[in-house]
Every structure is written in C-alpha cells, then in structure tokens.
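Structural overview for review
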Amino acid sequence: MSPKALLLVAAAALLIRLGYLLSGPGSPVVGDSLGYHSYAVHLLDSGTYVNDEGERASRPPGYPVFLAGVYAVLGRAPAAVVAVQAALGAAACLLVALIAASVLAPPWPLLCGLAAAAYYGLFAPPAFLLAECLFSSLLALSFLALHRKRAFLFGLALAAVFLVRPEVLLFAGLAILVLPFLPGGGGRKGAAAAALGFVLLTAPWVVRNYAVFHRLVPSSSRGGISLYAGLQMPLERSGVPVEAFHMPAEGLSELEQDADYSRAFRALWGSLGWGLRLRAYAFNLLSHLYPFLPGYDLTFMLLLPLWLYGLWLARSRGELRAAALFVLLSIVLYTVFGGPASRYRQGYAPLLVVLAGAGAAELWTRGKTARLGLAGWGGLNLLVWLFSDSLRTAALAAKRAFFP
C-alpha cells in the first residue's frame, strides 16, 4: 500500500474514534473494568499481581499490565486509557489494511482499512476499560506477522493475545501445528520458530502461577465459572426455570471456587436433556450474532454476508484459512463459554473485515448481478437502520416466541 493510502486510513480511524469518545459513551470503572483496574493498581502500589478480593490469577495479565503501564506514565484516569486505546485502535486499522494487502489486490486493502476505521466493533471498544481493544490490536499484529512470513514474531504476538484472553490457546496450538502446510508458513522451521516465540512470552506467567498455586494454571483460574455461565445464563435469560446462578461457599480459595463451579456445571448439565442444552447454546450463538446493541449495528450487518462468503472462500484459498480458522473457533468457544454476549465478537473484528474484503472482492468480479446484490444489501440495511426501533421490537417478539 502507498503511504498516502495508509495515511488516509490512519486519519479516518483516529477521527472516528475521537468523535466517538467525544460523543460521551463514558468509561465507568465497574464490572469487568473494575477487576482489571484493581489488578493494575495493586501491581503499581505493591508490585504484586492480585486484585481487591485477593485473587491472583482470575484475570490473565495482559490487559492489567497494559493499564498499569498507562497509569504509571499518564496517571490513573480512565480518560488517559481511552486516549491511548484510541491511538491503538487506529493502529489496528492500519494493520488490517496491511493484512489485506497480503491477500487482496488494490483497491481492496484500502477499502478494508477504511471499513475497519468505520466498523463499530473496532471504533467503540477503545472507549471502555475492557480488553477488546488491546486484544484486537495484538491479534491484527499477529496475523500481519503471519502473512509477512515472520514466524517467530507471529508466535510472540499470538502469545501476547493469549495473555489478554486465554481462549486463544486452542487456535495457537492448531496454528503452530498446521503452519508447515500454510502458504508461506516456513515449513517445520517456521512452526518451531512460532512455537518458540509463543513459549518464551507465556512461560513467565505459567511459571509464576505454578510457584503461587503449586499446580499448572496456564491461563487463568476462571475456566469453571466460564463453562458454568455458558450453560446457566442463557437458560435463565431465555425464561427456562433453572437454578439461581451458583455461588461457592465462603472461604474457598480461587482454585477451589473454580472447581466448585466445574462441579456445578456438571450437575446442571446432568439435570438437563439435550433439548435444553442445545437451546442454551443456540441462545448464546444468536446473542453473539445479535445486531441490536440495543441500537442497530449497521456496520456488522453490512459485513455479515461478506465475511460468511469469505469463510466459504477459505476452502480453496489457503491465504484465508488461518483467519477463517480463528473466526470459526472463536464462534464455537463463545457459544460454549461465557454466556450470551455480542461484545465477544469485537475481539476478532479485524479478521472479519479482512474476510469480508475477500468476499466483496470475489463478488465484485462476478459481474453486474453480484454488484447489484451488494448494493441491494447495503440499501436494505440502511432501511433497517432507519426503522431500527420498530424492527428491534419485532426481533424481541420473535425471540420471545422461540425463547419464551
């Protein structure tokens, strides 16, 4: 890509993010944000990775360490964090354009960069003290390294993504195994270099956890609660008579609490038939792809058929397979773990944009009919956006019909 094209992407991305921040979505330090903030403050004040509840690994260290770094340099204010994240998010759009330049011909890399700049799932996360902005930026960096045939940097960046959110581990293992078979993967030497980069960055966290807990804790101490929430919460929210959300007994350590949640999951699973189990995970999947947040996410819906087509193209286009694998694995994992939330799709948004660019580029070559179809889909979504309040009411009514 030309420097002018990259400058255009950077300017558009930064202006859109600053405009969104100035519109006042706010960055309250509550919920998950409070947990990340707590770890960061303790890290600065005592040099110890622990939160206010005394937990030592309920969150992986990536985002709290990032917060601590911003706090140390710019002060402990949410405004400082969101300003840094706005710049980081704009950089992610440049990375998207560069990844697209590795797999698509002009002008599609520029269009992918501009789409990333205007994509809600990429311009909204910087406004909040949550891990999605850092996650998506590091993920884009790892895929750029992959496409530039920098296997060691790919493994290193992927490890950084893992230290932000642990669900990356499954993809990392599979990616390193199949790297010798990917275009430009570098063969066995490339796979070994990627594995080395991944291990070098993750090893200190794993060793630290073993020293603290005297057992292997590769990511965090919250796997059990994520698995339990993925089954209990969708049932409760879809109106199924189900037990109240389980609370472990007081006095248990964080690992004992997590084991208790795992037992609660097995008990709940055993009490349900396959119909309710499938219903729960279908609710998670639909929530993950739900277009109302509560406003209509026009950008997600515009790209939806395009990245789905990009997934289909990955069957025969090796350069798209790693992105397709990451997206598919993410959708499966977020269907099973964590419960119903559309926010989870924001993490892998850079790859959605690249896949959507591949889908759009292929459709564009199909001639007038396909191009009219693209224009029609865009027009339909604009109509939905204009009448989103009424359509959201209809969507909720349809949801109640299936999940009363």
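Before going into details, it helps to say that this report is about the structure given with it. (Residues numbered from 1 in each chain as written. Predicted model: local features only at pLDDT ≥ 70, side-chain atom pairs only at ≥ 80, totals over all residues. Heavy atoms only, no water.)

Notes on the nonpolar core
Of all hydrophobic cores here, the largest spans 102 residues; its most connected members are Y63, F143, F154, W307, F326 and V327. The element contributing the most residues to this core is helix α4 (residues 78–103), with 11 residues. Here F143 is in contact with I99, F171, A322, A323, F326 and L351, once residues within four sequence places are set aside. The next biggest cluster of nonpolar side chains, apart from the first, holds 12 residues, and it includes I225, Y228, F265 and A280. (Core = buried A, V, L, I, M, F, W, Y, C linked by side-chain atoms within 4.5 Å. Buried < 20%, exposed > 50% of the residue type's maximum accessible area, 1.4 Å probe, protein only. Helix = DSSP H or I, 4+ residues; strand = E, 2+ residues; numbered from the N terminus. Contact = heavy atoms within 4.5 Å.)

Thoughts on the packing of aromatic side chains
According to the stated counting rule, one finds 20 aromatic pairs in the structure shown. Ring geometry for Y39 and Y49: centres 4.3 Å apart, planes at 15°, overall stacked. Taken together, the residues span a long stretch of sequence, with Y39 in helix α2 (residues 32–46) and Y49 in the loop between α2 and α3 (62–74) at a distance of 10 residues. Judged on exposure class, the residue Y39 and its partner Y49 are both buried. Consider the rings of F162 and F198, whose centres lie 5.7 Å apart with planes at 45°: the pair is tilted. Taken as a pair, F162 in helix α8 (residues 151–164) and F198 in helix α10 (residues 187–213) lie far apart in primary sequence, 36 residues in all. Here the two residues F162 and F198 agree in accessibility, since each one is buried. Taken together through their ring pairs, the aromatic side chains of Y20, Y120 and F123 make up a single cluster. Of note, R315 hangs over the ring of W312, and the distance from its end group to the ring centre comes to 3.7 Å. (Phe/Tyr/Trp six-rings, centres within 6.5 Å; stacked < 30°, edge-to-face > 60°. Lys NZ or Arg CZ within 6 Å of the ring centre and 35° of its normal.)

Brief notes about helix α14 (residues 298–313)
Taking 1.5 Å per residue, 16 residues should reach 22 Å; α14 reaches 24 Å between its end C-alpha atoms and fits that length. Of all the bends in α14, the largest measures some 40° and sits at L304, one to four residues before the proline P305. Among all positions of α14, only L298, T299, F300, M301, L303, L304, L306, W307, Y309, G310, L311 and L313 are buried. Of the surrounding secondary structure, the elements contacted by the buried residues of α14 are α5 (108–118), α6 (120–123), α15 (321–336), α16 (349–364) and α17 (368–386). (Expected span 1.5 Å × (residues − 1). Bend = angle between axes of the 7 residues up to and from the residue.)

Looking at the side chain of S142
Tracing the chain through its elements places S142 in helix α7 (residues 132–147). Here L139 takes part through its backbone oxygen, which lies 2.7 Å from a polar atom of the side chain of S142. If we skip the residues at most four places from it in the chain, S142 touches F154, A157 and L158. (Polar contact = N/O pair within 3.5 Å; in protein donor to acceptor, adjacent residues only side chain to side chain.)

A short note on the environment of Y348
Tracing the sequence through the fold places Y348 in the loop between α15 and α16. For the pair Y348 and D45, spaced 303 residues apart in the sequence, the C-alpha separation amounts to 33 Å. Y348 has contacts with F135, L139, H288, F326, V327, S330, I331 and Y334, leaving out every residue within four places of it along the chain. Separated by 2.6 Å, the side chains of Y348 and H288 make a polar contact.

Digging into the pattern of salt bridges
If you walk through the whole model with that rule in mind, you get 10 salt bridges. Note that R343 is salt-bridged to D32, the shortest N-O span being 3.2 Å. With R343 in the loop between α15 and α16 and D32 in helix α2, this pair connects stretches of sequence that are 311 residues apart. Judged by relative accessible area, which is 27%, R343 ranks as partly exposed. D32 sits in the partly exposed class, given a relative accessible area of 31%. With a shortest N-O distance of 2.9 Å, R317 and E319 are connected by a salt bridge. Taken together, the salt bridges that share partners define one network made up of D32, R59, E132, R165, E167 and R343. (Salt bridge = Lys/Arg side-chain N within 4 Å of Asp/Glu carboxyl O.)

Concerning a nonpolar patch on the surface
Residues L170, L174, L177, V178 and F181 make up a contiguous nonpolar surface patch of about 500 Å² in total accessible area. Note on placement: L170 falls in helix α9 (residues 168–178). Among the residues examined, L170 registers a relative accessible area of 42% and is labelled partly exposed. (Patch = residues over 30% accessible without salt bridge, like charges linked within 9 Å, V, L, I, M, F, W, Y side chains within 5 Å. Areas by Shrake-Rupley, 256 points an atom, 1.4 Å probe, with all protein chains shown as cover.)

Focus: the side chain of R345
Tracing the sequence through the fold places R345 in the loop between α15 and α16. Note on R345: relative accessible area 4%, which makes it buried. Here the side chain of R345 touches Y290 through a polar contact of 3.1 Å, landing on its backbone oxygen.

Remarks on the packing of helix α12 (residues 254–271) against helix α13 (residues 274–288)
Describing two packed helices takes the angle between their axes plus the distance from one axis to the other. Look at α12 against α13: their axes get within 8 Å of each other, and the N-to-C directions meet at 120°. Relative to α13, α12 is oriented oblique. Listed contacts from α13 to F265, W269 and G270 of α12 are W274, R277 and Y281. Taken together, the residues that form the contact of α12 with α13 break down as 4 nonpolar, 1 polar and 1 charged. (Axes fitted to C-alpha atoms, helices over the stretch in contact; angles between N-to-C directions. Parallel < 35°, antiparallel > 145°, perpendicular 65-115°, else oblique. Nonpolar A, V, L, I, M, F, W, Y, C, P; charged D, E, K, R; others polar.)

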